[in-house]
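# Structure at a glance
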Amino acid sequence: MDNNSADKCPLCNSDNLCVIAAGRPADSCWCVQADISAIAVKALPESERGVRCICPTCGKSERSEN
């Protein structure tokens, strides 16, 4: 499995449903209207930030920072 694939979540390696990786317009992506978990963003390895998108499950994590 290619762990550096643009269509895989860097946190769980599931399909991230990224429309940009699929060649579609960014404004149609699920993440445009989503509140992305700050915990998930902090969990991203520095090398993956701005490179691969997280999946809806990781992005909508209900865990709190407290």
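Structure: see above.
Residues numbered from 1 in each chain as written. Predicted model: local features only at pLDDT ≥ 70, side-chain atom pairs only at ≥ 80, totals over all residues. Heavy atoms only, no water.

## Examining the state of the cysteines
What counts is decided by this rule: Our working definition of a disulfide is a cysteine sulfur pair at a distance within 2.5 Å.
What the rule picks out here adds up to 0 disulfides. You can see Cys53 has no disulfide; the closest cysteine sulfur is in Cys18, sitting 3.6 Å from it. Lacking any disulfide linkage, Cys58 is separated from the closest cysteine sulfur, that of Cys55, by 3.7 Å.

## Remarks on the side chain of Asn16
Selection rule: Only DSSP runs of H or I with at least four residues qualify as helices, and only runs of E with at least two residues qualify as strands; both kinds are numbered from the N terminus onward. Accessible area is worked out with a 1.4 Å probe on protein chains only. A residue is then buried under 20% of its type maximum, exposed over 50%, and partly exposed in between. Two N or O atoms count as a polar contact when they lie within 3.5 Å, although within protein this holds only if one can serve as hydrogen donor and the other as acceptor, and sequence-adjacent residues are included solely when both atoms are side-chain atoms. Contacts: residue pairs with any heavy atoms within 4.5 Å of one another.
Along the chain, the position of Asn16 falls in the segment before helix 1 (38–43). Accessibility expressed as a relative area gives 0% for Asn16, which makes it buried. A polar side-chain atom of Asn16 sits 3.0 Å from the main-chain carbonyl oxygen of Cys53. Those residues in contact with Asn16 that sit more than four places away from it in its chain are Ala6, Asp7, Lys8, Cys9, Trp30, Cys53, Ile54, Cys55 and Pro56.

## Re the nonpolar core
To be explicit about the condition: The criterion is simple. A nonpolar core is a set of buried Ala, Val, Leu, Ile, Met, Phe, Trp, Tyr and Cys residues joined through side-chain atoms within 4.5 Å.
Of all hydrophobic cores here, the largest spans 6 residues; its members are Cys9, Ala40, Leu44, Ile54, Cys55 and Cys58. With near-sequence residues (within four places) excluded, Cys58 lies in contact with Cys9, Leu11, Cys12, Ser37 and Ala40.

## Details of the pattern of salt bridges
This is how the line gets drawn: Definition used for salt bridges: Asp or Glu carboxyl oxygen within 4 Å of a side-chain nitrogen of Lys or Arg.
Here the structure, examined in full by the defined rule, presents 3 salt bridges. Across the salt bridge formed by Glu46 and Arg49, the nearest N and O atoms sit 3.4 Å from each other. Of the residues examined, Glu46 reaches a relative accessible area of 62% and is grouped as exposed.

Spatial relationships are all this shows, so hold off on functional conclusions.
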